[in-house]
Amino acid sequence: MPQFVEKLLNDSRVVPAVWLTQAVAQVFAAAGLSRDAAQTVAAGLVEADLRGTSSHGTLLVPMYVDRIRKGSVSTAEKAEVVLDAGAVAVLDAHHCLGLLSGDQAMALAVEKARALGIGVVSVRHAFHFGSAFRYVRTAAAAGCIGVAAANTRPLMPAPGGAAPVVGNNPLAIGVPLSDGEPMILDMALSEASLGKIRLAEQEGRPIPATWATDRAGRPTTNAAEALAGMLQPAAGHKGYGLALMIDVLTGVLSGGGFGSGVRGLYADTAVPNDCAHFFLALNIEAFGDTGDFAARLKDLAAQITGSPQAPGNMRPLLPGQPEAERAARADGVNVSTSVLNGLRTTAASLGISMRDPS
C-alpha cells in the first residue's frame, strides 16, 4: 500500500480504509459486540463509504451505538430460526444489528439454493442492514442470482396522497459475471435516500428540488424541511407500487413490522426500528448449463458496455459498475469531517481515544 497522503477535499478527509475499519470496529467492540462481529459491521459500513454510498457508511455509527446503549438494538450476533421448511426459512432477529442477521439470512438462502435450487429467507424484528449490495454479492459469489430487500418507516405518499404511507424500501439484485465483479442493481425506491438528505443537512448543503417535499407537500431544497416532510417515489406511481410490494414481501410475509409499524432510525432511538428483510437465492446450476448462462450473460453485458456513448455523457455501464470501479481505484476513504467528528465523539463516550491515521 502506498504511503498515505492526507487530503482535504470539500471539507472532508481521505483516510486509509484499514484505519477507518479498525477505528469503527473498536467502537463496536467497546459497545458490546465480539471482536469478529464488530469487524463484520465495521467492514460493511466502510465498504459503503468506499463505493460512494456514504449515507450507508460510517455516518451511521453514532446512531447504531446510541441504539445499543438504549436497548433498542441488541448485541446478539445471530437471529433465531423460527421456521425452516424446505426452501423457506423465517428468522427473528430480535433487533440485533442488521448487517449480522442479513449475512446470516443470505448465507442460509444460498445453502438452501445449493440443495434445492432456490432459497427464500425472511427476517422479522430486524434492524437496518446497511447497503443491500453486500448480500446479493454474497449470493453471486456462490453461483446464485441473489435478491435482497428491506422495508423502512413510511416516507413517501401514494400517488395523490398527502401523507407518507410507504418507505424508500431498498431492493438489490445481483448476478454473477464470469469475469470481473457481478452485475448488481442496488436502489432505493425514492428519488433519493433519506440518508443522503440527512448527510446534506448535517453538512449544511442544499438538496435538489426533486428529492423531497416539505411537510405540506411542496418541493424543497432545504434538507431540514425535507427531513420533516416526505420523499418522492422514483418514477412516480411505479416506484410507489414497487415499494408497497416490498413491504408485503418483507414485513407482512415475515410476521414483522410493516407500514406505520416500522419506526424511524433517528426518531426515538430507545424504540426498536422493527423493520423486516427478504432474501432470495436462485442456483443458476439448477436452471441448466452454467457455462451457457455465463456466455449468454457476457454477451448481454457486452451489448450494453459496447453500445455508443451519447455526447457529453459517461460511457454505458452495467448496474453496480460505477460503484465497484470507484472502490477498486480508491487509495483511501473520503469521509466528511463532520462524520469523523461524530465517530470521535462516540468513541470518546465509550472511553476510546481515536488515534489519527498514519
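Here's what I pulled together on the structure shown here. Quick caveat: nothing in here was measured; it's all calculated off a predicted structure.

### Quick notes on the layout of surface pockets
Next up, step 1: A volume near 940 Å³ is recorded for the largest pocket.
Next up, step 2: Every residue lining the largest pocket is counted, 45 residues in all, and those nearest its centre are Ser55, His56, Asn168, Ala188 and Ser193.
Next up, step 3: Those elements that provide at least two residues to the lining of the largest pocket are strand E9 (183-187), helix H6 (194-203) and strand E12 (275-283).
Next up, step 4: Residues of the lining of the largest pocket, tallied by class, amount to 20 nonpolar, 17 polar and eight charged.

### Structural notes on the nonpolar core
Next up, step 1: Core analysis: the largest hydrophobic core is formed by 68 residues, its most contacted members being Leu20, Phe28, Leu33, Tyr64 and Leu97.
Next up, step 2: No other element matches helix H4 (residues 98-116), which puts eight residues into this core.
Next up, step 3: Val120, Val147, Met156 and Ala200 belong to the second largest nonpolar core, which has 20 residues in total.

### Section: the side chain of asparagine 168
Next up, step 1: You can see asparagine 168 is positioned in the loop between strand E7 (164-166) and strand E8 (171-175).
Next up, step 2: Of note is the side chain of asparagine 168, whose polar atom sits 3.2 Å from the side chain of threonine 152.
Next up, step 3: Beyond its immediate stretch of four places on either side in the chain, asparagine 168 contacts Thr152, Leu155, Met156, Ala188, Leu189, Ser190, Ser193, Leu194 and Leu231.

### What to know about the packing of helix H1 (residues 17-30) against helix H11 (residues 337-349)
Next up, step 1: Two elements in contact, H1 and H11, have axes whose closest approach is 10 Å; the angle formed by their N-to-C orientations is 35 degrees. Considering only the axes of H1 and H11, their crossing is left-handed. Facing H1, whose interface residues are Trp19, Leu20, Ala23, Val24 and Val27, H11 presents Leu340, Leu343, Thr346 and Ala347.
Next up, step 2: Residue composition of the contact of H1 with H11, grouped by class: eight nonpolar, one polar and no charged.

### Some words on the pairing of strand E1 (residues 12-15)
Next up, step 1: Judged by which residues are buried, E1 turns out to be covered on both faces: Ser12 and Val14 on one side and Arg13 and Val15 on the other are all buried.
Next up, step 2: Judged from the four bridges that link them, E1 and strand E13 (residues 333-336) form a sheet pairing that is antiparallel. Bridge pairing in E13 places valine 15 opposite valine 333.

### Observations concerning the side chain of aspartate 214
Next up, step 1: With respect to the helices and strands, the residue aspartate 214 is situated in the loop between strand E10 (212-213) and helix H7 (223-228).
Next up, step 2: By relative accessible area, aspartate 214 is classed as buried at 10%.
Next up, step 3: In this structure aspartate 214 touches Thr220, Glu225, Gly229 and Met230, once residues within four positions along its chain are discounted.

### Overview of the environment of alanine 162
Next up, step 1: With respect to the helices and strands, the residue alanine 162 is situated in the loop between strand E6 (156-157) and E7.
Next up, step 2: Classification of alanine 162 as exposed rests on a relative accessible area of 67%.
Next up, step 3: In the structure, alanine 162 is positioned 55 residues away from glycine 217 in sequence and 6.6 Å away in space, judged by C-alpha atoms.

### Considering the sheet that holds strand E4 (residues 118-126)
Within a sheet, each strand pairs with its neighbour through backbone hydrogen bonds, oriented either parallel or antiparallel.
Next up, step 1: Taken together, the seven strands give an open sheet; going across it, the order is E2-E3-E4-E12-E5-E8-E9, and neighbouring strands pair in mixed fashion. At either margin of the open sheet sits one strand with a lone partner, and together these are strand E2 (80-85) and E9. Neighbouring strand axes in the sheet, compared pairwise and without regard to direction, differ in orientation by 10 degrees on average.
Next up, step 2: Pairing analysis gives five bridges linking strand E3 (residues 88-92) to E4, with the strands arranged parallel.

### Section: empty space enclosed by the protein
Next up, step 1: Scanning all chains against the criterion turns up one cavity of 30 Å³ or more.
Next up, step 2: Roughly 40 Å³ of internal volume is contained in the largest cavity.
Next up, step 3: What lines the largest cavity is Arg51, Arg137, Glu181, Pro182, Ile184, Gly320 and Ala324.
Next up, step 4: Of the residues that constitute the lining of the largest cavity, the class distribution is three nonpolar, one polar and three charged.

### What to know about the pattern of salt bridges
Next up, step 1: Across all of its chains, the model carries 10 salt bridges by this definition.
Next up, step 2: The partner of aspartate 356 in a salt bridge is arginine 344, with the nearest N and O atoms 2.7 Å apart. Of this pair, aspartate 356 sits in the segment after H11 while arginine 344 sits in helix H11, placing them 12 residues apart in sequence.
Next up, step 3: By relative accessible area, aspartate 356 is classed as exposed at 52%.
Next up, step 4: The partly exposed category is assigned to arginine 344, whose relative accessible area is 24%.

Conventions and cut-offs
Residues numbered from 1 in each chain as written. Predicted model: local features only at pLDDT ≥ 70, side-chain atom pairs only at ≥ 80, totals over all residues. Heavy atoms only, no water. 1 Å grid on protein atoms, 1.4 Å probe; cavity = no way out; pocket = protein on both sides within 12 Å on 5 of 7 lines; lining within 4 Å. Points joined across faces, edges and corners; volume = space filled by probe spheres on them. Helix = DSSP H or I, 4+ residues; strand = E, 2+ residues; numbered from the N terminus. Nonpolar A, V, L, I, M, F, W, Y, C, P; charged D, E, K, R; others polar. Core = buried A, V, L, I, M, F, W, Y, C linked by side-chain atoms within 4.5 Å. Buried < 20%, exposed > 50% of the residue type's maximum accessible area, 1.4 Å probe, protein only. Polar contact = N/O pair within 3.5 Å; in protein donor to acceptor, adjacent residues only side chain to side chain. Contact = heavy atoms within 4.5 Å. Axes fitted to C-alpha atoms, helices over the stretch in contact; angles between N-to-C directions. Left-handed = near helix turned anticlockwise from the far one by under 90°. Pairing = 2+ DSSP bridges. Salt bridge = Lys/Arg side-chain N within 4 Å of Asp/Glu carboxyl O.

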